[in-house]
Amino acid sequence: SIAERARRRWLELSKKGYDIDLAQIQQEIAARDKMDMEREIAPLQQAPDAILLDTTALSIEEAVAEIIKL
């Protein structure tokens, strides 16, 4: 989710000493996603044969385990 991606980015930047607003990061991610999906050439979209794995609530280890299962 956008909220989880923003939270993860915020944590990453916070650990590096940056003082940045979580809401701002979330807005920037949402705006970038919108631009990427609406661009004329090569818009961002899931391939018809792609498998969507929602990692919102998963740790890295859990995501890897799910990928291995697939």
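Our structure is the block above this text.
Conventions we followed
- Residue positions are given per chain, counting from 1 as you read along its sequence in written order.
- Since the coordinates come from a predicted model, pLDDT governs what is reported: local features require at least 70, and pairs of side-chain atoms require 80 or more to be given and counted, while whole-chain, interface and lining totals use all residues.
- Only heavy atoms go into the side-chain values, all of them from the structure, while hydrogens and water stay out.
- A side-chain nitrogen of Lys or Arg and a carboxyl oxygen of Asp or Glu constitute a salt bridge if their distance falls within 4 Å.
- Each helix corresponds to a stretch of at least 4 residues labelled H or I by DSSP, and each strand to a stretch of at least 2 residues labelled E; elements are numbered beginning at the N terminus.
- Buried residues are those whose accessible area, probed at 1.4 Å on protein chains only, stays under 20% of the maximum for their type, while exposed residues exceed 50% and partly exposed ones sit between those limits.
- Counting of polar contacts relies on pairs of N or O atoms within 3.5 Å, with two restrictions inside protein: one atom must be capable of donating a hydrogen and the other of accepting it, and residues adjacent in sequence are counted only when both atoms are side-chain atoms.

## Some points on the pattern of salt bridges
Pairs may arise between side chains of opposite charge once their charged atoms sit close together.
Here is step 1: Summed over the entire model, instances satisfying the criterion amount to eight salt bridges.
Here is step 2: One salt bridge in this structure joins K34 and E38, with 2.9 Å as the shortest N-O distance. You can see K34 and its partner E38 sitting in helix α2 (residues 22-38), four residues apart, about one turn around the helix.
Here is step 3: With a relative accessible area of 56%, E38 lands in the exposed category.

## Focus: unusual backbone geometry
Of all residues except glycine, most have a negative phi; of all peptide bonds, most are trans.
Here is step 1: Notably, A42 is not glycine yet its phi reads approximately 50 degrees, a positive angle.
Here is step 2: Summarising the element assignment, A42 is placed in the loop between α2 and α3 (60-69).
Here is step 3: Judged by its relative accessible area of 53%, A42 falls in the exposed class.

## What to know about the side chain of D36
Here is step 1: Within the secondary structure layout, D36 lies in helix α2.
Here is step 2: A polar side-chain atom of D36 sits 3.1 Å from a polar atom in the side chain of R39.

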